[in-house]
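A closer look at the structure
Each chain, letter by letter, is given below.
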Amino acid sequence: MKSLNELFFLLKENPIVLLPITFITVLFLNHYLASKVLLVTKSKKLMTEVNDRSSHKTPVPPFGGVSFFLVLMLLFAGLIAVGLDPTTGFLIIGISFIFISGIKDDLMASSAIMKLVTQFFGAALIIFLPELQFDSLHGAFGINSIPEWGFIIFKFYCVLFIINSFNLIDGIDGLSSTIGIIVSASLLPIFWFSGNELLGVVCLGIIAMLISFMRFNFSSGKFKMFMGDGGSLTLGYVLSFLILRAASIGDALPFAESWLPNNVALFILVVFFLPTLDTFRVIVIRLREGRKVYVADRNHLHHVMIDAGLSHKQATATLGSVNVVFILTYLYLDQYLTNLGMNLFVVSFYVLSVIALRVIHTSTVMSKEEKRNWKAQLGMALRSFLP
């Protein structure tokens, strides 16, 4: 027992040792667990059905979230033993409820109300944690101090928004995993250089987990598997915790490091760009067309890319690259522009992205119309020769 305590103390004092250990362990552990999950689901014929919105043509097991759940449980439990704040145990409870809600939806459809109630409970478990308390957005969109009750509502909304927006964008191979990797990689240095090294280790663990899962998600054969709602909701919940924790760090960052963001809250909108843009865009489209916002359709970012002729890998690479370019451009301009200038830059990028998507969608529709018209005219010409 003494030697074990000494080991935990050594790891706590030297968290950099945890980086390679966590990455390698999670990489292989998730691969092993996902393989076993795939074997069981295949044998039990637990597959997702193909419908008119599906981006796949054959039934595929949607249970990648099972390995996510197990890996995240072990990761957080291990880091709490090393020295992560014990209150993070509330996060583990929340993960369990969110995962159960998601896996039930993968097995049999759940009502939107039931999922929302579960998410409310999960949000309530973490937004009152001491490490998630903050009272300023440091000028993001001109917002500084907000009353305490206002921040409680704000954090509730953020958790629900992040969970559901991450779930909504899980529509093609590799996209959710790519976004999860981008978000985790962006938050890792923020945690590390603000003295929250163990949360940086969590980010690296998530990166390893998602890299491992992409081996199954991108497979076109018998090893193919989706993360499902059990995976996307669980991952979105964990990312909501990490994002709010990063926002609460505020001025604790060493701004002498020019490559670190001066406004973490605004930077998070850049990091979580794709899910944020996608969610607000589809809500506006559905409201404009007089449809309920929770009724699924084919208006998501990935649908626009797929309809334009891109493959799953091409669409994922394109969208992921845009997000990375946005992040790198933000970090570069952040060294020269004022807070107001950075706010204007972020808003402008979002607006230009909406316009670009509109142009792509319109050109795709026009191209299909021209093709249909051409075929119709050819058919009429051929029929004219018939007696």
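Refer to the structure presented above.
These figures come from a predicted structure and were not determined experimentally. (Residues numbered from 1 in each chain as written. Predicted model: local features only at pLDDT ≥ 70, side-chain atom pairs only at ≥ 80, totals over all residues. Heavy atoms only, no water.)

1. Looking at the pattern of salt bridges
- Applying the stated criterion across every chain yields a total of four salt bridges.
- The partner of Lys-115 in a salt bridge is Asp-105, and the shortest N-O contact between them spans 3.3 Å. Of the two residues, Lys-115 sits in helix α5 (residues 112–126) while Asp-105 sits in helix α4 (residues 89–107), which places them ten residues apart along the sequence.
- Taking the relative accessible area as the measure of exposure, Asp-105 reaches 17% and is therefore buried.
- Across the salt bridge formed by Asp-173 and Lys-224, the nearest N and O atoms sit 2.6 Å from each other. Taken as a pair, Asp-173 in the loop between α6 (148–168) and α7 (175–193) and Lys-224 in the loop between α8 (197–217) and α9 (228–249) lie far apart in primary sequence, 51 residues in all. In this pair, the class of Asp-173 matches that of Lys-224, namely buried. (Salt bridge = Lys/Arg side-chain N within 4 Å of Asp/Glu carboxyl O. Helix = DSSP H or I, 4+ residues; strand = E, 2+ residues; numbered from the N terminus. Buried < 20%, exposed > 50% of the residue type's maximum accessible area, 1.4 Å probe, protein only.)

2. Topic: the packing of helix α3 (residues 64–82) against α4
- Close contact between α3 and α4 brings their axes to 10 Å; oriented N to C, the two are set at 175°. In terms of orientation, α3 lies roughly antiparallel with respect to α4. Residues Gly-65, Val-66, Phe-69, Met-73, Phe-76, Ala-77 and Ile-80 of α3 pack against Gly-89, Leu-91, Ile-92, Ile-95, Ser-96, Phe-99 and Ile-103 of α4. (Axes fitted to C-alpha atoms, helices over the stretch in contact; angles between N-to-C directions. Parallel < 35°, antiparallel > 145°, perpendicular 65-115°, else oblique. Contact = heavy atoms within 4.5 Å.)

3. Things to note about the packing of aromatic side chains
- All told, the structure shown has 16 aromatic pairs when counted by the stated rule.
- Consider the rings of Phe-97 and Phe-121, whose centres lie 4.7 Å apart with planes at 65°: the pair is edge-to-face. Taken together, the residues Phe-97 in helix α4 and Phe-121 in helix α5 connect sequence positions 24 residues apart.
- Residue class for Phe-97 comes out partly exposed when judged on its relative accessible area of 40%.
- A network of ring pairs unites the aromatic residues Phe-273, Phe-326, Phe-345, Phe-349 and Tyr-350 as a single cluster.
- The ring of Phe-216 is capped by Arg-215, whose NZ or CZ atom sits 5.9 Å from the centre of that ring.
- The ring of Phe-223 carries Arg-215 above its face, with NZ or CZ at 5.2 Å from the centroid. (Phe/Tyr/Trp six-rings, centres within 6.5 Å; stacked < 30°, edge-to-face > 60°. Lys NZ or Arg CZ within 6 Å of the ring centre and 35° of its normal.)

4. Observations concerning the nonpolar core
- Ile-126, Ile-206 and Leu-242 are the most contacted members of the largest nonpolar core, which totals 106 residues.
- Here this core takes 14 residues from α8, the largest share from any one element.
- Those residues within four positions of Ile-206 in sequence are excluded, and the remaining contacts are Leu-72, Ser-184, Leu-235, Val-238, Leu-239 and Leu-242. (Core = buried A, V, L, I, M, F, W, Y, C linked by side-chain atoms within 4.5 Å.)

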